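Read off the chains here:
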Amino acid sequence: MQCTTTTSYVAPLPCCPTPTSLHFHLHRSHLRIVKSTCFSSSQHQTHSKNICSLTLHPTSNCNRNGKEQKNSQSNNNKGFPDPALDRFQCSLDTNTNATQSSETEETGDTETGNQRGLLSNMWWTDLRAALGQRINVEGIVSSASVFVKDRHLALPHVVVPDIRHIDWGELQARGFKGVVFDKDNTITVPYSLTLWGPLGPSIERCKSVFGNDIAVFSNSAGLVEYDHDGSKARALEKAIGIKVIRHRVKKPAGTSEEIEKHFGCKSSQLIMVGDRPFTDIVYGNRNGFLTVLTKPLSPAEEPFIVRQVRKLETSLMSYWFKRGLKPISNNLLPDPMQCIKDPPRQ
């Protein structure tokens with residue numbers, strides 16, 4: 001067996017303990033560590049073993065009593081720097097506590113972060129829904145197309161102040177099988193989930209004529225993008241007793257597939273009632289409904305941008321009517337005036 005000795009020099013570590021299992025010498029303010037390594041060789045293999053190991057022997061904690069101080073002085077006389085060991089032990093305790101505290105804080109921060117993320121997502125969903133109901137991107141794109149080449153799609157078959165002026169019995173006699181209402185400013189005030197009071201008798205008359213073949217098709221309640229859990233739709237159904245059709249595409253875009261599936265008939269046998277020419281009326285005409293335009297119930301409660309867009313839509317519609325433009329014909333009701341009646345007495 002052959003033994004080789006290697007010597008390395010490191011800078012002094014004032015706060016680190018000196019392991020008692022090492023041989024050390026002080027030379028010119030440097031700590032000289034002697035590490036011995038033994039090699040043994042055989043015919044087929046070579047083994048190496050490091051007989052030098054670093055072992056920490058804590059001698060005391062930060063709160064030493066008199067006896068420990070005496071032992072520390074005795075050890076110092078033997079060449080063991082116990083104060084350094086003490087400082088190192090204090091450092092270990094402090095770091096351990098700091099690590100535990102940090103882990104606790106990180107766990108708390110993670111939980112708080114998750115809660116903040118959830119609240120942030122809820123806040124963003126509500127904000128997006130509010131903005132989406134005020135700014136209808138699909139409606140803007142469709143309006144541009146209608147203005148350029150399909151102006152007749154924005155012209156309703158029937159124009160009335162509100163649904164109290166509609167003769168539901170006459171429409172049913174003409175062969176219509178169901179009625180589809182818009183919600184905001186058609187049967188409720190903006191963003192409300194209850195029926196506008198004065199319309200109650202007319203809604204009841206409509207129910208008596210068409211039975212369960214009545215529904216709401218809205219860009220707020222029932223639209224998956226803004227009513228993803230259906231809570232608004234359920235609240236409205238409970239309040240007015242009319243089914244709210246769930247759908248994914250905002251009017252005037254989209255087809256009448258969901259509506260036809262609900263009623264079990266073609267859209268040409270249905271009536272679309274709404275308050276927006278470039279939204280409800282364009283959607284209805286594009287898909288073959290009989291379209292009825294009502295005046296808004298409470299325009300003062302609408303956002304400013306919606307009021308301005310409504311004014312523009314109404315002005316264009318009036319201008320096109322005056323220029324002699326006609327709405328697309330409906331086979332079941334050649335003369336729209338036949339379904340209009342006098343308003344009820346207040």
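Residues numbered from 1 in each chain as written. Predicted model: local features only at pLDDT ≥ 70, side-chain atom pairs only at ≥ 80, totals over all residues. Heavy atoms only, no water.

1. Some remarks on the overall build of the chain
Move 1: The helix and strand tally for the chain stands at nine helices and 10 strands.
Move 2: Here the chain, with 346 residues, has 36% of them falling under the buried criterion.
Move 3: Considering only intrachain contacts with a sequence separation of at least 6, the fraction spanning at least 24 residues in the chain is 72%.
Move 4: For the chain, the exposed surface amounts to about 20600 Å²; the carbon and sulfur share of it is 54%. (Helix = DSSP H or I, 4+ residues; strand = E, 2+ residues; numbered from the N terminus. Buried < 20%, exposed > 50% of the residue type's maximum accessible area, 1.4 Å probe, protein only. Contact = heavy atoms within 4.5 Å. Areas by Shrake-Rupley, 256 points an atom, 1.4 Å probe, with all protein chains shown as cover.)

2. Notes on the confidence of the model for the chain
Move 1: Taken as a whole, the chain shows an average pLDDT of 73; of its residues, 58% reach a score of 70 or greater.
Move 2: Note on residues 1–92: pLDDT under 50 across the span, and 100 contacts to partners over four residues away in sequence or across chains. (pLDDT = per-residue confidence, 0-100.)

3. Regarding unusual backbone geometry
Move 1: In the segment running from K251 into P252, the intervening peptide bond is cis, with an omega of 10°.
Move 2: Structurally, P252 can be placed in the loop between β8 (243–244) and α7 (257–263).
Move 3: In this structure, Y191 takes a positive phi of about 65° despite not being glycine.
Move 4: Within the secondary structure layout, Y191 lies in the loop between β6 (178–181) and α5 (200–210).

4. What about helix α8 (residues 277–286)?
Move 1: Counting buried positions along α8 gives nine out of 10 residues, so the element sits mostly inside the fold.
Move 2: Just beyond α8, the residue with positive phi is G288, at close to 90°.

5. Some words on the packing of aromatic side chains
Move 1: In the structure shown here, the tally under the stated rule is four aromatic pairs.
Move 2: A centroid spacing of 5.4 Å and a plane angle of 20° characterise the contact between F217 and Y283, whose relative ring orientation is stacked. Here F217, found in the loop between β7 (214–216) and α6 (231–240), pairs with Y283, found in helix α8; they are 66 residues apart in sequence, far enough to count as distant.
Move 3: Here F217 falls in the buried class, since its relative accessible area comes to 1%.
Move 4: The exposure class assigned to Y283 is buried, which follows from its relative accessible area of 1%.
Move 5: Here the aromatic residues F217, Y283 and F289 are joined through ring pairs into a cluster of three or more. (Phe/Tyr/Trp six-rings, centres within 6.5 Å; stacked < 30°, edge-to-face > 60°.)

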